[in-house]
Structure formats: C-alpha cells, structure tokens
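One-letter residues, chain by chain:
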Amino acid sequence: MKSFTYERVDTPAAATAAFARTPGARFIAGGTNLLDLMKLEIETPGHLIDVSRIGLDRIEPTSDGGIRIGAMVRNTDLAADAQIRRDYGLVSRALVAGASGQLRNKATTAGNLLQRTRCPYFYDTNQPCNKRKPGSGCAAIGGFSRIHAIVGASDACIATHPSDMAVAMQALDAAVETIDTAGKTRRIALADFYRAPANTPHLETVLAPGELITAVTLPKPVGGTHIYHKVRDRASYAFALISVGAVVQRDGRGHVAIGGVGYKPWRIKAADAELPRGAKAATAALLAGAKTTHENAYKLPLVERTLASVLAQAKG
Amino acid sequence: MAIPEEFPISRRGLLAGGAVSVAAVSAAGSPDARAAVEKAPSRPPTARVAFHVNNTAHELELDTRTTLLDALREHLRLTGTKKGCDHGQCGACTVIVDGRRINSCLSLAVMHDGDKITTIEGLGLPGNLHPMQQAFVEHDGYQCGYCTPGQICSAVAVLEEIKAGIPSHVTADLSDPPSVTRPELRERMSGNICRCGAYSNIVDAIVDVAGVKA
Ligand SMILES: Cc1cc2nc3c(=O)[nH]c(=O)nc-3n(C[C@H](O)[C@H](O)[C@H](O)COP(=O)(O)OP(=O)(O)OC[C@H]3O[C@@H](n4cnc5c(N)ncnc54)[C@H](O)[C@@H]3O)c2cc1C
Ligand code: SF4
Ligand code: FES
Ligand code: FES
C-alpha cells in the first residue's frame, strides 16, 4: 500500500473543504472497497478524508412522501429499518443478498453505490485494463468474460457494476443528493448517475472531484410485491452473475431493473411497459441490442428465465 | 548505528551513505548540509489512535496504513485474531467493534478512535471460556482451528443480530422478526469460510448456545 496522510472530519462541509485543500485526496467511509483496492495499489490516494463520522446516518421522510437515506447509513441498518422493510422491501432484499454480515456492518449507502467493478483483470495489475490504467487496453475483451457486460459496453471496457443495492434503488427510481467543494448541492437521478464506459471507462459517475454524496432519496412507496432474485455461483457471499429486482403490482404492471449485465443497473422504461405481457417480451425490450461473448451469452436466457420466475412468484 | 527495518539497505549503499554522513558532519551548518538533511527519505505518515481492546485502554502511534487486524496482532500482540485473506473474503479476522462484527482486515486502525473492540481473547480465556467457545469445544466446531476465532466472534454477534431483528437473505417475511433456525445460521455465518469444512459442527455449537430446538 502507498503511504498516505489521514484526517477525520465531522461535517459534510469540512469534508469537501478538506478535499479542496488537498489534491489527490479521497473520502473513505466503510473502507471495505477502497482499502481493498489500496492494498493492491489499484487506488493510491495520498490523503484520506474519513467521512464515517460526519452524521448523514439517518433515515427520514421527505416532504413529498418519500424517504431520504443518509449517505453514511450502514447497509445492515438500512436493510433492518422498519420503514424500509415495510415500504421499500426491495432495498432490504437486495442488501441482504450482498456481501456478508461483517461487510454490511461497515459498508455505507454512498460507498455501496461507488464500489468498483469486480472484473478480475481490473484487480490484476499485471494485465492491461483501461479502467485501471487508461489507454492500456482491455484484457477482458477476448479474455475470460463470463461475468462481463452484455449491454452498454464499449470497445474499451465491458465491466459490470457489482452492487446489489443499486439494482433495487434503480427499480425504485432513486436519486442521489450531493454537495460540491463550492458548497453547491444538487440532485441526480440514479438513472443518470453512472457514466457509460465509451473511451473513458476510468470515469464511472457524473460526480465532480470532491463532490460528496450526502443522501439517496426514494419517491413515495409504490406498493406491490418486491422481489430481488440474485443468481450466483454459490448460495451466499458471492457477487451476482445476474440479478432481477422488481416491483410487481396485482394487475401485472411494474418496475424492473437488472444487475450484472452492464456498467449500471439496467432499467429500460419500455421494458416496464412490457411486463404485463410476460418475461419474454420484457426481456426483449430490456436487452435489445445486447452484445455477448461466447462466455457470457448465457446471460440472455438467464435474465429471461429469472424474470419469468420473479413474475410467477409475484402472482403467488 | 540502528538501521530502520523498513528501509532495506545494501552493504554498498550503507558504506556510501556512511561516507556522505561523515561529509555532512564535517560541513555541519553549511546550506549544503541542510539540503541533504531535507532530502533524506521521510518516514511514512503516522497518526495517533486511542481505543479500548477487551476493556483495556490503548493509545498507539501508527503508520496510517495499519489495519485494525495488524494493530491487534503486531502492535498489541493479540494474535488470536487471524489473517486469512486480508481482503474481506474469509472472515478469519472477525472482531466485534461497538457490538458489531466486522472484518478487521478491511478497516484502518486510525479510524477506530474511541471504539470498544472485543477479540477472541476478550470473549474468554482458558479456564473461563465464553459459552460459545465452550460449545465449539464440545461440538468439535473446528479441525485446524485457524478460522475458529473469527467463527466464534461472528457467531456471538449473529445471535445478537437475530435478537435485534436484523433480516437475512433467507428470512421468509420481512415483517416478521427472524428466528434462530439452521438455515438462518448458515446464511448469516457465510462470511466465515472454514477450509476444514467444520460447518455442520459449527452450526450445532451455535444452536446449542442459542438454546433452541433448530
Ligand atoms: C468479499 C466481498 C464480497 C462482497 N460482495 C458483495 C455483493 O455480493 N454485493 C454487493 O453489492 N457488494 C458486495 N461487496 C462490496 C461492498 O458492498 C462494498 O465494498 C461496500 O458497499 C462499499 O461501501 P464502503 O462504505 O465500505 O465504501 P468505501 O470503501 O469507504 O468507499 C468506496 C468508494 O466510495 C467513495 N465514497 C465513500 N463515501 C462517499 C461519499 N459520501 N461521497 C462521495 N464518495 C464517497 C470512496 O472515496 C471510495 O471511492 C463485497 C465486498 C467484499 C470485500
Ligand atoms: S472490462 Fe473494463 S475493467 Fe475489465 S479489463 Fe477491460 S477495461 Fe479493465
Ligand atoms: S483476513 Fe479479513 S476477511 Fe480474510
Ligand atoms: S477449522 Fe480449519 S479452517 Fe476452519
């Protein structure tokens, strides 16, 4: 690990001010992704700003009947929150399908959204990887690509976003609230939060340097049956190969987002409209134009079958 | 002359360095000498941290890179907590911080200022075992024992998590409080890998401590 200086701040404003003062700084929250990557020198910040004690650890109602989840709310606490379990069960379900009890006790809402890909070549510093080292190439294209993207990828990168929680948030139309180094706040729909890889896969979100996530908001509850179905290589403590997060109403209408297929949780409004017609129609709309390799072509039928199972389960 | 162990210096480098330091001493006070001192390799940044481990207060000055795991093992010599993968993938390093189990390998020690940390040594020692330690012995919940401290810390916290109503992946209904069942325990213990495969005896030990028919 490269050495770094460390400071702890106690307010969001102090966090962004510290960033403005210190070039090359990074925020650290739970540390479960950043520290892992620092050990491998994939991330090499010269200064860490500890934001784990800046408050932002509350879950509270918003004025429009929705809910605001503080950026520092731990994944365990979010999954266990009574209102989240009652009104946004999909979020609880997605969270407890991810990582382990120990990791969820540390991982935060903001950190979870910003966790980086699990592409094995991104982790192996001996391999070319445009995301880790811009311009070096992509070892996954033409390499082992079983876990890689089938939609939204580019010739520079075919990595997927690994978060389970983000899939639930996307199905529920979440938005991200931030504050920047000038003290300006803004609200970004999660649908617009992640950047397509294009020629710059190292740029993963629309956040500006030093822009701090303060909260994630969800609109008012939509009711329905909430189902998160994660398919993975073992029954627990493994990342998704693909996952389906869905809210399905009695009349068959609903919202669906897919994990493990692209650089962000995959949600297509036109596919939601197809849900009453069944999994085949909805999957066709969701994964239109999919580009597969011989190793990840299995994801196409897997998404359709998993969605079919989710829709059958929702019917009860 | 003491050589700081983190800077491996070859014999040739050491001789050259010695010659430079002799020159520097003879020219002490000249601007050149001051420049030489400033160019000397700086030590890695450190930070102070104070926390309680097993009810004992400690204050340490640590290289900021030190994980909680390394602080416990290398600085406080509490070697009960084990390093398996050092990447959050095995659970051998599980300790309980302010009542919650975490992977001490994926947490910086300096981020734990003011925290109360419990390691396997703090749960119980020979002659005065924690009920969970006793149950692991009685049920043969291990073979080589390497994963055991992490398993036991995790197991103690798992029973508290179920009591606190925290749901798991196998909890059937999010509106009902979870209960101690074998599927619940297996799911909740999945962050602790046992290469010896003592899993079924580990679950027996936890069921025994929970005092339920599961
Ligand atoms: C073995 C293992 C298995 C896992 N399995 C799963 C899984 O199955 N599913 C899953 O979804 N996840 C899984 N994870 C990933 C885990 O969910 C993430 O590591 C965690 O959510 C990251 O949160 P954190 O608070 O620890 O982030 P950190 O590591 O602290 O930070 C991550 C990034 O976010 C930035 N950041 C943090 N807070 C803010 C903020 N407020 N504003 C702006 N930037 C910020 C940091 O600078 C850093 O770049 C796994 C991890 C491990 C180690
Ligand atoms: S898929 Fe993306 S992350 Fe993986 S090697 Fe290619 S550029 Fe790197
Ligand atoms: S050593 Fe920490 S999880 Fe393996
Ligand atoms: S007892 Fe050997 S690894 Fe678990």
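Treat the numbers as computed from the prediction; the structure is a model and nothing was measured.

S.K.: Help me understand the overall build of chain B, please; the structure alone is not making it clear to me.
M.R.: Each helix and strand counted, chain B has 8 helices and 5 strands in total. Looking at chain B as a whole, 45% of its 214 residues qualify as buried. A separation threshold of at least 6 residues defines the contact pool for chain B, and within that pool the share at least 24 residues apart is 51%. When the accessible surface of chain B is split by element, carbon and sulfur atoms take 55% of a total near 11200 Å².

S.K.: What is the right way to look at the site of ligand 1 in this model?
M.R.: All names here are of chain A. The environment of ligand 1 is formed by 36 residues, the closest being Arg-26, Phe-27, Gly-31, Thr-32 and Thr-108. Between ligand 1 and Asn-33, the relevant distance is 2.9 Å, taken from an oxygen atom to a main-chain nitrogen or oxygen of the residue. Take Asp-164: an N or O atom from its side chain is 2.7 Å from a nitrogen atom of ligand 1. For ligand 1, whose free accessible area comes to 990 Å², the fraction covered by protein is 96%. Of the residues forming the shell around ligand 1, the biggest block, 4 residues, is contributed by helix α7 (residues 109–114). Among the residues making up the shell around ligand 1, the classes are represented as 17 nonpolar, 14 polar and 5 charged.

S.K.: How should the domain arrangement of chain B be read in this particular structure?
M.R.: Interface size, as often reported, equals the accessible area lost upon joining of the parts. Residues and elements named next belong to chain B. Annotation of chain B at the domain level lists domain 1 (45–123) and domain 2 (124–214). Once you take the C-alpha centre of each, domain 1 and domain 2 turn out to be 22 Å apart. Taken residue by residue, the interface counts 17 residues in domain 1 and 18 residues in domain 2. For the pair domain 1 and domain 2, the summed buried surface comes to about 1500 Å²; carbon and sulfur atoms form 58% of the total. Three residues stand out in domain 1 for area buried against domain 2, namely Arg-101, Ile-120 and Leu-123, and they jointly supply 45% of the buried area on that side. At the junction of domain 1 with domain 2, the criterion picks out 1 salt bridge. In this structure, the salt-bridge partner of Glu-161 is Arg-101, at a minimum N-O distance of 2.9 Å. Counting the contacts that link domain 1 with domain 2 gives 9 residue pairs in polar contact (both at pLDDT 80 or more). Every element with two or more residues in the side of domain 1 that touches domain 2 is listed here: β3 (94–97) and α4 (120–123). Ranked by residue count, the leading element in the side of domain 1 that touches domain 2 is α4, at 4 residues. Of the residues that constitute the side of domain 1 that touches domain 2, the class distribution is 6 nonpolar, 7 polar and 4 charged.

S.K.: Is there a simple way to explain the interface of chain B and chain A in this structure?
M.R.: The partner chain A presents 42 residues to the 41 residues of chain B that form the contact. Between chain B and chain A lies a buried interface of about 3400 Å² when both sides are counted; carbon and sulfur atoms form 53% of it. The three residues of chain B that bury the most area against chain A are Leu-106, Met-111 and Leu-174 of chain B, which together make up 22% of that side's buried surface. Between Asp-86 of chain B and Lys-39 of chain A there is a salt bridge whose closest N-O contact spans 2.9 Å. At the surface where chain B touches chain A, the tally comes to 25 residue pairs in polar contact (both at pLDDT 80 or more). Of the residues contributing to the side of chain B that touches chain A, the split by class is 14 nonpolar, 18 polar and 9 charged.

S.K.: What exactly am I supposed to notice about the site of ligand 2 here?
M.R.: In the neighbourhood of ligand 2, 14 residues make up the surrounding shell, with Cys-119, Cys-129, Cys-138, Cys-157 and Ile-158 of chain A lying closest. Broken down by class, the residue content of the shell around ligand 2 amounts to 11 nonpolar, 2 polar and 1 charged.

S.K.: Teacher, can you tell me more about the sheet that holds strand β7 (residues 185–189) of chain A here?
M.R.: As a general point, the strands of a sheet are linked pairwise by backbone hydrogen bonds and lie either parallel or antiparallel. Residues and elements named next belong to chain A. Pairing within the open sheet is antiparallel, and its 5 strands lie in the order β4-β5-β8-β6-β7. Only two strands of the sheet have a single neighbouring strand rather than two, namely β4 (59–61) and β7. Sheet twist, expressed as the mean angle between neighbouring strand axes with direction ignored, is 25°. Inspection of the sheet shows strand β6 (residues 175–179) paired to strand β8 (residues 212–218) by 5 bridges, in the antiparallel sense. Paired with Ala-175 across the bridge in β8 is Thr-217.

S.K.: Can you walk me through the pairing of strand β3 (residues 47–50) of chain A in this structure?
M.R.: On a regular strand, each side chain points to the face opposite its neighbour's, so the side chains alternate between the two faces of the sheet. All names here are of chain A. By the alternation rule, side chains of β3 split into His-47 and Ile-49 and Leu-48 and Asp-50, which are all buried. Bridge count for strand β2 (residues 25–28) against β3 is 4 bridges, and the pairing is parallel. By the bridge assignment for β3, Arg-26 is matched with Leu-48. Note on the crossover from β2 through helix α2 (residues 34–39) to β3: the handedness is right-handed.

S.K.: Whenever I open this one, unusual backbone geometry confuses me. Can you help?
M.R.: The phi torsion of most residues other than glycine is negative, and most of the peptide bonds are trans. The phi dihedral of Leu-56 of chain A is positive, around 50°, even though this residue is not glycine. Among the secondary structure elements, Leu-56 of chain A is positioned in the loop between β3 and β4. By relative accessible area, which is 21% here, Leu-56 of chain A ends up partly exposed. Not every positive phi belongs to a glycine, and Arg-77 of chain B is a case in point at roughly 55°. By secondary structure assignment, the location of Arg-77 of chain B is in the loop between α3 (68–75) and β3.

S.K.: Teacher, can you tell me more about the sheet that holds strand β11 (residues 254–259) of chain A here?
M.R.: All names here are of chain A. Strand order in the open sheet formed by 3 strands is β9-β10-β11, and the pairing between neighbours is antiparallel. If you trace the sheet from one side to the other, it starts and ends with β9 (225–231) and β11, each paired once. Ignoring which end each strand starts from, the neighbouring axes of this sheet average 10° apart. Of the pairings in the sheet, the one linking β9 to strand β10 (residues 242–248) comprises 7 bridges and is antiparallel in character. Across the sheet, Ile-227 pairs through a bridge with Ala-246, a residue of β10. Here helix α5 (residues 89–96) sits on the sheet in contact with β9 and β10, set at roughly 20° to β9. Here helix α12 (residues 299–315) sits on the sheet and contacts β9, β10 and β11; the angle it forms with β10, its principal contact strand, is near 30°.

So, how was this worked out
- Residues numbered from 1 in each chain as written.
- Chains lettered and ligands numbered in written order.
- Predicted model: local features only at pLDDT ≥ 70, side-chain atom pairs only at ≥ 80, totals over all residues.
- Heavy atoms only, no water.
- Helix = DSSP H or I, 4+ residues; strand = E, 2+ residues; numbered from the N terminus.
- Buried < 20%, exposed > 50% of the residue type's maximum accessible area, 1.4 Å probe, protein only.
- Contact = heavy atoms within 4.5 Å.
- Areas by Shrake-Rupley, 256 points an atom, 1.4 Å probe, with all protein chains shown as cover.
- Near = heavy atom within 4 Å.
- Polar contact = N/O pair within 3.5 Å; in protein donor to acceptor, adjacent residues only side chain to side chain.
- Nonpolar A, V, L, I, M, F, W, Y, C, P; charged D, E, K, R; others polar.
- Domains from an automatic or database assignment.
- Buried area = accessible area lost by both parts, 1.4 Å probe.
- Salt bridge = Lys/Arg side-chain N within 4 Å of Asp/Glu carboxyl O.
- Pairing = 2+ DSSP bridges.
- Axes fitted to C-alpha atoms, helices over the stretch in contact; angles between N-to-C directions.
- Right-handed = clockwise from strand over helix to strand, strands pointing away.

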